[in-house]
Amino acid sequence: GWEIGYHIAKKYTGNGYATEAVRAFLPVAVKLVGTDSVQGICLSENVASKHVLRKCGFGTVFEGIGDYQGEKREVYKSVWKLS
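Quick notes on the rules
- Residues numbered from 1 in each chain as written.
- Predicted model: local features only at pLDDT ≥ 70, side-chain atom pairs only at ≥ 80, totals over all residues.
- Heavy atoms only, no water.
- Helix = DSSP H or I, 4+ residues; strand = E, 2+ residues; numbered from the N terminus.
- Rg over C-alpha atoms; globule rule 2.2 N^0.38 Å.
- Buried < 20%, exposed > 50% of the residue type's maximum accessible area, 1.4 Å probe, protein only.
- Areas by Shrake-Rupley, 256 points an atom, 1.4 Å probe, with all protein chains shown as cover.
- Lys, Arg positive; Asp, Glu negative; His and termini not counted.
- Charge placed at Lys NZ, Arg CZ, Asp CG, Glu CD.
- Contact = heavy atoms within 4.5 Å.
- Core = buried A, V, L, I, M, F, W, Y, C linked by side-chain atoms within 4.5 Å.
- Expected span 1.5 Å × (residues − 1).

1. Regarding the overall build of the protein chain
Consideration 1: Regarding its fold elements, the protein chain presents two helices and four strands.
Consideration 2: In the protein chain, the succession of α and β elements from N to C terminus is β-α-β-α-β-β.
Consideration 3: Computed over its C-alpha atoms, the radius of gyration of the protein chain comes to 13 Å, within 12% of the 12 Å expected for a compact globule of 83 residues.
Consideration 4: Over its C-alpha atoms, taken along the principal directions, the protein chain stretches across nearly 35 × 30 × 20 Å.
Consideration 5: The proportion of buried residues among the 83 residues of the protein chain is 30%.
Consideration 6: Summed over its atoms, the accessible surface of the protein chain is roughly 5,800 Å², and 52% of this surface lies on carbon and sulfur atoms.
Consideration 7: Where the 11 positive side-chain charges of the protein chain centre and where its 8 negative ones centre are 6 Å apart.

What follows is the structure, encoded as structure tokens:
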């Protein structure tokens, strides 16, 4: 499946840039790749990323110990579906 990732430089966090970018990118990207869903995953401790995913319509599918970049970590997994 397809996944989304983003990173905002620390001095620019909290301004809604990630949310704005994800909202603008998703409709275009799903058409380009021909999918109707995108997965989002971040560390559970990354409250800001979880908030961005939720604000952009991603629904929680799992929170707990899972694989994250080759390590067992506390992760948050979500999915966005084309409506």
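2. A closer look at unusual backbone geometry
Consideration 1: Within the chain, glutamine 69 stands out as a residue other than glycine whose phi angle is a positive 50°.
Consideration 2: Locating glutamine 69 in the fold gives a position in the loop between strand S3 (59-68) and strand S4 (71-81).

3. Focus on the side chain of serine 49
Consideration 1: Looking at the element boundaries, serine 49 is found in helix H2 (residues 47-55).
Consideration 2: Not counting residues within four places of it along the chain, the set of residues in contact with serine 49 comprises Tyr6 and Cys42.

4. Quick look at the nonpolar core
Consideration 1: Among the nonpolar cores identified, the biggest contains 13 residues, and Ile4, Val22, Leu26, Val38, Leu53, Phe58 and Trp80 are the most heavily contacted of them.
Consideration 2: It is helix H1 (residues 17-33) that provides the largest number of residues to this core, a total of four residues.
Consideration 3: Apart from the residues within four sequence positions on either side, leucine 53 is in contact with Ile4, Tyr6, Gly40, Cys42, Phe58, Tyr76 and Ser78.

5. Remarks on H1
Consideration 1: Relative to the 24 Å expected for 17 residues at 1.5 Å per residue, H1 spans 23 Å between its end C-alpha atoms, a close match to the ideal helical length.
Consideration 2: All of the buried residues along H1 are Ala18, Thr19, Val22, Leu26, Ala29 and Val30.
Consideration 3: Buried positions along H1 lie against strand S1 (3-4), strand S2 (37-43), H2 and S4.
Consideration 4: Immediately beyond the C-terminal end of H1, within one or two residues, lies glycine 34, with a positive phi of roughly 70°.

By themselves these figures say nothing about function.
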